[in-house]
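# Coordinate inspection notes
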Amino acid sequence: MPSFDVVIIGAGPGGYVAAIRSAQLGLKTALIERENALGGTCLRVGCIPSKALLNSSHHYAFAKHEAAAHGVLLDKVGLDLGTMLKRKDKTVGQLTGGVAFLMKKNKVTTFFGHGVIEKAGQVSVRKADGSIESLEAKHIILATGSVPIDLPFAKPDGKVIVTSTEALSFEKVPENFVVIGAGAIGLELGSVWARLGAQVDVVEFLPRIVAGFDADISAALQKSLQAEGMRFHLDTKVKEIRVTGSRAHVVATGKDGQELSFVADRVLVAVGRKPSHGGAAPEALGLAVDEKGRVKVDHHFRTNVPGVYAIGDLIAGPMLAHKAEEDGVACAELIAGKAGHVNYDLVPSIVYTHPEAASVGLGEDAAKAAGRAVKTGKFLYRANGRALASDSADGFVKIIADAKTDRLLGAQIISPAASELIAEVVSVMEFHGSAEDLARTVHGHPTLSEATKEAALAVDGRAIHA
Ligand code: FAD
Ligand code: NAD
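This section reports on the structure supplied with the text. (Residues numbered from 1 in each chain as written. Chains lettered and ligands numbered in written order. Predicted model: local features only at pLDDT ≥ 70, side-chain atom pairs only at ≥ 80, totals over all residues. Heavy atoms only, no water.)

## Considerations on unusual backbone geometry
Looking along the chain, the bond that leaves His354 and enters Pro355 is cis, with omega of 0°. Between His445 and Pro446 the backbone carries a cis peptide bond, its omega angle lying at -5°. Secondary-structure assignment places Pro446 in the loop between helix H12 (435–439) and helix H13 (450–458). (Helix = DSSP H or I, 4+ residues; strand = E, 2+ residues; numbered from the N terminus.)

## Topic: the state of the cysteines
Note on terminology: disulfide describes a covalent bond linking the sulfur atoms of two cysteines. Under the counting rule described, the total for this entry stands at 1 disulfide. The disulfide bridge from Cys42 ends at Cys47, spanning 2.2 Å between sulfur atoms. The sign of the -130° torsion about the S-S bond sets the Cys42-Cys47 disulfide as left-handed. Note on Cys47: relative accessible area 26%, which makes it partly exposed. (Disulfide = S-S within 2.5 Å. Buried < 20%, exposed > 50% of the residue type's maximum accessible area, 1.4 Å probe, protein only.)

## Concerning the side chain of Asn384
As for its placement among the helices and strands, Asn384 is situated in the loop between strand S20 (374–380) and helix H10 (385–389). The contacts of Asn384, once residues within four sequence positions are left out, are Phe379, Thr447, Leu448, Glu450 and Ala451. (Contact = heavy atoms within 4.5 Å.)

## Some remarks on the sheet that holds strand S15 (residues 266–269)
Strand pairing in a sheet relies on backbone hydrogen bonds, with the paired strands running either antiparallel or parallel. Taken in spatial order, the 5 strands line up as S8-S15-S9-S10-S11 in an open sheet, and their pairing is parallel. Each end of this open sheet is capped by a strand with a single partner; those strands are strand S8 (161–162) and strand S11 (231–233). In the sheet, strand S9 (residues 176–180) pairs with S15 via 4 bridges, with the strands oriented parallel. Paired with Val179 across the two strands is Leu268, which belongs to S15. Those strands touched by helix H6 (residues 184–195) are S9, strand S10 (199–203), S11 and S15, and its axis lies near 170° from that of S9. (Pairing = 2+ DSSP bridges. Axes fitted to C-alpha atoms, helices over the stretch in contact; angles between N-to-C directions.)

Structure follows, in structure tokens:
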């Protein structure tokens with residue numbers, strides 16, 4: 001039986017990164033994946049294909065609606081959806097192939113098949129041809145990720161009622177697209193199809209979209225997405241979806257108890273994801289999970305089963321690729337006897353719409369709800385030269401600092417480049433910096449990042465261009 005120091009089940013951002021780090025640390029490492037490509041949800045059917053389509057659909061919308069204002073005259077703007085989808089698939093292929101290359105380069109042995117922990121110290125790989133290979137493992141890392149949450153009355157059929165996976169590959173633009181859930185998936189994929197011409201209705205049971213952000217970010221983002229043509233039905237609960245042929249009848253109860261109904265050719269259920277061990281941990285193993293089905297781990301990612309660790313979407317914390325990667329690195333380092341650590345207070349959260357929303361740390365609303373004394377500084381992009389010169393004047397940066405010490409507690413940004421801009425704040429916070437530190441840092445001109453500096457200055461009421 002082949003023997004390894006570390007066997008990892010699941011080749012998503014958690015698992016493949018844990019594999020690379022383990023191999024770097026001199027551990028003999030194996031990685032098991034049941035799909036026929038590496039990269040997990042993120043690379044195959046998540047982060048990457050969605051961003052490829054967001055990019056392409058943004059170019060299309062720009063060509064159609066905004067190019068003329070720049071003096072760029074395009075005779076006829078048309079959509080070749082097939083080419084757009086092929087480009088997306090090509091990007092996915094490049095990246096999943098890149099992960100395979102990294103496995104070879106780092107001498108990680110890859111097995112394609114269904115991984116199952118037979119007992120502590122032993123994993124079997126059930127392959128597509130029916131054969132079973134057993135591996136001996138000193139340490140086993142479960143990195144099997146998560147799956148979409150279903151609505152009990154609306155099981156996805158992959159055609160009319162779909163999950164994000166199918167919504168990345170519609171062969172034609174839906175006429176009427178109902179999205180249930182105004183989280184990251186609903187808004188990103190809703191944006192893609194709205195830009196390409198679908199009438200998109202988003203139904204959300206909370207009173208606002210992206211409820212993890214401050215209310216002013218939710219409101220600003222909703223306004224921008226409405227301008228893109230999306231319609232929102234907040235405080236609204238879907239109670240029934242009837243599918244007849246190729247159409248769905250969606251019935252919901254609105255804010256004041258009134259009944260709403262929609263007819264749609266596609267319905268995306270995007271109401272969250274739940275952890276899944278994908279059959280890797282049979283009942284008999286006795287793996288302990290919490291009330292949300294997340295595998296329980298201690299500070300060293302150790303489960304209750306000796307020699308078995310868990311990381312990524314499978315355990316508590318935000319279900320984000322960068323969090324899974326950091327778990328993977330820290331878990332490998334701890335197994336190798338080093339001091340692996342993840343700062344969970346500083347995991348940025350980003351929604352890649354147009355504009356993008358990004359946040360890190362404590363929001364203003366959460367700080368106030370917790371009775372924490374904070375001061376905030378806000379700077380609007382409409383007073384930022386680069387933003388005006390590049391159609392990015394919607395949005396703002398908000399900095400949240402401790403009222404007494406000035407220590408940075410968080411930031412919320414809505415801007416076309418928010419995903420990149422948030423990184424500066426994360427770095428300063430990682431070094432326990434203050435709003436003053438950010439305010440005194442020289443920023444290039446003209447850049448969108450100057451708004452971050454101005455927002456930090458505004459914490460003390462001294463923004464220059466406000
Ligand atoms: P996964 O990536 O889910 O990988 C788990 C792997 O384990 C899978 O490949 C699965 O096939 C495999 N597996 C499961 N069971 C077994 C078994 N028994 N044997 C062998 N293999 C098994 N996050 C971001 O940070 N940014 C984004 O922009 C973003 N966009 C997203 C867009 C969409 C549409 C979706 C659905 C998710 C998105 N996410 C994003 C979330 C991100 O994809 C996840 O947080 C991340 O993939 C979790 O990584 P993981 O390694 O824990 O699990
Ligand atoms: P989510 O939890 O982010 O959002 C789900 C939304 O659905 C919430 O607003 C919730 O209130 C709403 N909802 C729940 N039940 C509902 C119901 N019955 N009717 C109407 N609304 C309902 O989940 P998601 O958007 O499905 O994303 C899943 C995971 O994937 C998240 O953890 C997310 O962080 C991750 N993801 C991240 C990104 C990114 O980082 N840009 C992109 C996509 C997905």
